[in-house]
Amino acid sequence: MGNVKIGERVQRKEDRRFLTGSGRYVDDLQLARVTYAYFLRSPHAHAKIRKIDTSKAAASVGVVQIFTGKDVAEAKVGGLICGWVVKDKHGNPHKAPAHPAMAADTVRHVGDTVAMVIAATADQARDAAEKIEVDYEVLPAQINLAGALDPKAPQVHADAPGNLCYDWELGDKAAVDAAFAKAAHVTKLDLVNNRLVPNAMEPRAAAAEYDRGTGNYTLYTTSQNPHVARLVLSAFVLGIPEHKLRVIAPDVGGGFGSKIFIYPEETMLTWAAGKIGRSIKWTAERSESFMTDAHGRDHVTHAELALDAKGKILAFKVDTIANLGAYLSTFATAVPTYLYATLLAGQYTTPVIYCNVRAAFTHTTPVDAYRGAGRPEATYVVESIVSKAAREMKIDSAELRRRNYIAKDAFPYQTPVALTYDSGNYAPILDQAMKLADYAGIDARKAAAKAKGKLRGIGVCSYIEACGIAPSAVVGSLGAGVGLWESAQLKFNPTGNLQILTGSHSHGQGHETTFAQIVSDKLGIPLDQIEVVHGDTDKVPFGMGTYGSRSLPVGGSAIMKAADKIIAKGKKVAAHLMEAAEADIVFENGTFKVTGTDKAVPLGQAVFAAYVPHNYPADLEPGMDENAFYDPSNFTYPSGTQICEVEVDPDTGVVDIVNFVAVDDFGNIVNPMVVEGQVHGGIVQGVGQALLENAAYDEKTGQLISGSYMDYTMPRADDVPSFKLGYEVTPCPHNPLGVKGCGEAGAIAAPAAVMNAVRDALAAVGAQDRIEMPATPQRVWAAINAH
Amino acid sequence: MYDFAYHKPKSVADASAAVKKASEGKLMAGGMTLIPTIKQRLARPSDVVDLGGIGDLKGIKVDASGVTIGAMTKHAEVAASADVAKAIPALAKLAANIGDAQVRNRGTIGGSVANNDPAADYPAALVGLGATVHTNERKIAADDFFKGMFETALKDGEIITAVSFPVAKKAAYMKFPNPASRYAMVGVFVADTAGGARVAVTGAGPGVFRVKDMEAALGKGWSADAVAGIKVPAGGLNNDIHASREYRAHLVTVMAKRAVAAAG
Ligand SMILES: Cc1cc2nc3c(=O)[nH]c(=O)nc-3n(C[C@H](O)[C@H](O)[C@H](O)COP(=O)(O)OP(=O)(O)OC[C@H]3O[C@@H](n4cnc5c(N)ncnc54)[C@H](O)[C@@H]3O)c2cc1C
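Being a predicted model, the structure only gives us computed values, none of them experimental.

*Asks:* Please set out the pairing of strand β10 (residues 216-221) of chain A residue by residue, giving values where relevant.
*Replies:* Regular strands have side chains that alternate between both faces of the sheet. Residues and elements named next belong to chain A. The element β10 is largely enclosed, with a buried count of 5 among its 6 residues. In the sheet, strand β9 (residues 205-211) pairs with β10 via 6 bridges, with the strands oriented antiparallel. Considered in β10, the bridge of Ala-206 is made with Thr-221. With respect to chirality, the unit in which β10 leads through helix α6 (residues 226-238) into the neighbouring parallel strand β11 (residues 245-248) is right-handed.

Written as structure tokens, this is what we have:
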């Protein structure tokens, strides 16, 4: 592998390892004197724990130790935290009920942790757990979100009356009401944004070690952000000083947000490893993943859109109830507020917007960020109601969007919901998407389908997202407990090869390729001379991790900054070696040159001189090893339009996606193949939400009915067609790579694109307003046949 | 999983003896259902008797009287058999649409039939074609074999050795898969047999059942229209998050129509 440039379709370096089964995941680790943990979980959605008797279990073969919530409480282990303080309408912070790592007296969802059994083998731990006797007093549970804020609803936490975590608002209500009063047309819409289970391919896993000699702890965990995990465990939960706790997230098989958070299991493992002085391992079974990985979405929304007679949007108001589940997960509070309501302008010039969000506790699994986090929910509301307005006003839905797009010369554009869009050019994206989708030919295709007894529909979704998360001062002012910069270190070795140490974490995104690619391009170093190192708090500088499509815009920018420092230092070395003035040195294609001469020093020679400084500037430190931290000045704003075409079989209700187009503006593209992978995966997740996936609970017992793949419908390859992709590029003006991020776009836009197509198809039989996600065959059939 | 003793006998007689001797013996074919239930601790056999070492249970025989498939024959083998495809194409096609490639290469006809999952495909073919289940002790007509959810006429320790299917004049199977599991949410097998038209439904109810009204209508004239107006009562059908009983009842008619049309 030689030098590569930004923009090339470089094959992913990591895939050989992953595809040949040579990845190293937490469960692959072989630790000395290891023990295994099994977590006994609540079978009830809501119950008081009257008594736990562990005596029989403790005598079971192989048992090392059993801990219950009482032990954890007595040891004064801190509760798990929510790292984002959202202030309600009245300026009060959200309700923050305790979230013990193990339930002490009350269980609040099926799967809540009740006891931890540590034994010599995983089976022995489970055998013993079956012998634990728990005396539960089963209490009424509130499962359903729609009724959670009802005053008579069962209470999840005594210190969150009415199950209300916060009643929050954004925007100018009076101005919105005034605009509605003058509107020529008002469109109203009620939506459910269905709850999803993240389903990373690798289940969560952890292994903890305690070194009696040094007092140091090591936690191996399936984390998207090992430093954040260390910070939270150290500062808030376990009190182990940060420098005595090493967190390693080795190869991680997917996260989609669910591995950002700090969960009870790794917390308990770390704590218990210190108590028993032996290493402990745990890997979730798939059923535990279903029950305990933080779920996504789960909103009930009423929205209204005011338009003038020509279809120009005048105002938008949105009322949402968001489900937080039984406890606040690590960033739960931010998702339905700052990651949601701030996106309600979409790509449009909507002058005034008001959004009210009430977040509710229920006796269900905690809900937190899941691919897109708030932005898919916002896009679904905006893009559903815009299409509905177009249908009601008999204006073509693409045309109505076009009339409302922010013009390309209006950037930077201040929306009425706090964000300043940095760049974009929406109309050419729509043009390209319409062309790829043969939008003009839809009427003929609808007629042909009708002749076969089928219903065709086409759906448009123009999305915006705020990613490259995030400017620290901005998120700090909104309540975030952390800064959201990123770190990088470029560490040359004397022989000229290079390690990129990054605070971003790769769990499927392909950083080992793209990060190496940007450095190969920038420094002119062959790809196989570059190693990307991540995921170990003892190896890499403090970093904030991977989520919110931030790795390239923020992590990549930190790498570029560090590379600039390398070049600056290299210039000094090269100037010395060539006996030239530093100001006359230029760096091109991996070589320092004296302008106007043919004198040249390759970077590798400058690196060698820096490590073997026999002939070296007197005032310069040896070594070629530079650190950089990058704090973005704004979010980035990828945008795009997806067009989906479906054919519905009215006899069975089956929805067949016959065509799917996505045209995106991700700014500059480093590796088109990696971007395609992200877009494909994202679209499929969005299609999953629209047509297939649903975390369905029994409304009385709180059992997760779709708690396995027998009942939870994961999208499969044959559920989607080949996608047609296109790009428009407006480079991000405020980061050195001009990139915007592409990790979430597919999942953000696809639900609305698919559902708008389904509604368009169902409009032929008047059923367009009777369908919610997921539009399963049964639901589509029922919608068609409801009279 | 809990500990169990593992046996791999070489003959049906030894297998039968081993399973009868055990306090809680379980026969294992491909393990596609048995192993997950053991892993999830839903089953706790004392002894597992693996039928994989018994050559007599494998293979497909096609002659004038019909198709006989050894109990340990895998779905993939039935799907790929040119002889089956020629004699009863609907049967080969049914096997080709069971589960996924891994399941088809481990799962067996004997295991599927013995398990009698209400959403399994083979039971529809057995009942639809009027097949016979052969065991180490007797022969059982398909109509008498399936007894409702996960229940069969098999006695403790009785081993299915083969299933024989008479050749039909025409036959077809139409499956509406459960979106999640891809088992049959509704599957309808129709056949025009020597003994008359047969319509067998799987997935919709607690077990495979025949629709006599449709059979009678098809007996008068084989056409999709003949069954189009016949609805099974929704009352006794399965009702779950994927399909209400009313939707299932509706799908039975739609799938029956399509199966009749496909059979030609
Ligand atoms: C992911 C998945 C998807 C599937 N999808 C489908 C589908 O779409 N359609 C479908 O029809 N099926 C489906 N199946 C079921 C599969 O086709 C197998 O037929 C079924 O699991 C039985 O597996 P097996 O043959 O390995 O039997 P085993 O699991 O080994 O045994 C099953 C039961 O049958 C008993 N048994 C086995 N052989 C005999 C015998 N010769 N005599 C008496 N008793 C016996 C065993 O004791 C056990 O109780 C699926 C299974 C899986 C795991």
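That covers the picture; the talk isn't over yet.
*Asks:* Account for the site of the ligand, with residues named and values stated.
*Replies:* Residue and element names in this part refer to chain B. Taken together, 30 residues surround the ligand, and among them Leu-27, Ala-29, Gly-31, Thr-33 and Asp-121 come closest. Taking Thr-33, its side chain carries an N or O atom lying 2.5 Å from an oxygen atom of the ligand. Ile-160 places a main-chain nitrogen or oxygen 2.9 Å from a nitrogen atom of the ligand. Isolated, the ligand exposes 970 Å² of accessible area, and the fraction of that covered by the protein chains is 90%. Of all elements in the fold, only β2 (25-28) and α7 (109-115) reach the threshold of two or more residues within the shell around the ligand. Looking at which element gives the most residues to the shell around the ligand, the answer is α7, with 4 residues. The residue makeup of the shell around the ligand includes at least three contributed by each of domain 1 (5-50) and domain 2 (58-263).

*Asks:* An account of the packing of aromatic side chains is needed here, citing residue identities and associated values.
*Replies:* The relative placement of two aromatic rings is captured by the distance of their centres and the angle of their planes. Counting across every chain of the model gives 22 aromatic pairs over all chains. Centroid distance Phe-411 of chain A to Tyr-426 of chain A: 5.8 Å. Interplanar angle 90°. Geometry classified as edge-to-face. One end of the pair, Phe-411 of chain A, is in the loop between α10 (397-404) and β16 (413-414); the other, Tyr-426 of chain A, is in helix α11 (residues 426-436), with 15 residues separating them in the sequence. Grouping residues by exposure puts Phe-411 of chain A and Tyr-426 of chain A together as buried. Ring pairing ties together the aromatic residues Tyr-348, Tyr-405, Phe-411 and Tyr-426 of chain A, which thus form one cluster. Its guanidinium or amino end placed over the ring of Tyr-263 of chain A, Arg-204 of chain A lies 3.6 Å from that ring's centre, counting from NZ or CZ. For Arg-41 of chain B, the ring lying beneath its charged end belongs to Tyr-2 of chain B, and the centroid distance is 4.4 Å.

*Asks:* Before we move on, can you summarise helix α1 (residues 12-21) of chain B with the specific residues and values?
*Replies:* Residue and element names in this part refer to chain B. By the burial criterion, the buried members of α1 are Val-12, Ala-15, Ser-16, Ala-18 and Val-19. The buried side chains of α1 occupy one side of the element, clustering within an arc of 165° when seen end-on. Residues of α1 that are exposed and angled more than 90 degrees away from the buried face: Ala-13 and Lys-21.

Cut-offs and rules
- Within each chain, residue numbers correspond to sequence positions counted from 1 in written order.
- Following the order in which they are written, the chains are lettered starting with A and the ligands numbered starting with 1.
- In view of the model being predicted, local features appear only for residues whose pLDDT reaches at least 70, and side-chain atom pairs are presented and counted only at 80 or more, with totals across whole chains, interfaces and linings using the full set of residues.
- Note that the side-chain values use all heavy atoms of the structure and ignore hydrogens as well as water.
- Residue exposure (1.4 Å probe, protein chains only): buried if accessible area is under 20% of the type maximum, exposed if over 50%, otherwise partly exposed.
- Numbering of helices and strands runs from the N terminus, with a helix taken as a DSSP run of H or I at least four residues long and a strand as a DSSP run of E at least two residues long.
- The rule for pairing is simple: two strands pair if DSSP sees at least two bridges between them.
- If the strands point away from the viewer and the path from the first strand over the helix to the second runs clockwise, then the crossover is right-handed.
- When at least one non-hydrogen atom of a residue lies within 4 Å of a molecule or strand, that residue is treated as near it.
- Pairs of N or O atoms within 3.5 Å make up the polar contacts considered here, provided that, within protein, one atom can donate a hydrogen while the other can accept it, and that residues adjacent in sequence are counted only when both atoms are side-chain atoms.
- Computed with the Shrake-Rupley method and a 1.4 Å probe, the accessible areas treat only the protein chains shown as cover for residues.
- An automatic or database domain assignment is the source of the domain bounds shown.
- Note on aromatic pairs: the rings of Phe, Tyr and Trp (six-membered ring only in Trp) are paired at centre separations within 6.5 Å, and the planes decide the class, stacked below 30 degrees, edge-to-face beyond 60, tilted for the rest.
- Here, a charge over a ring means that NZ of Lys or CZ of Arg falls within 6 Å of the ring centre while also lying within 35 degrees of the ring normal.
- Each direction from the helix axis to a C-beta atom contributes to the arc, which is the arc of those directions.

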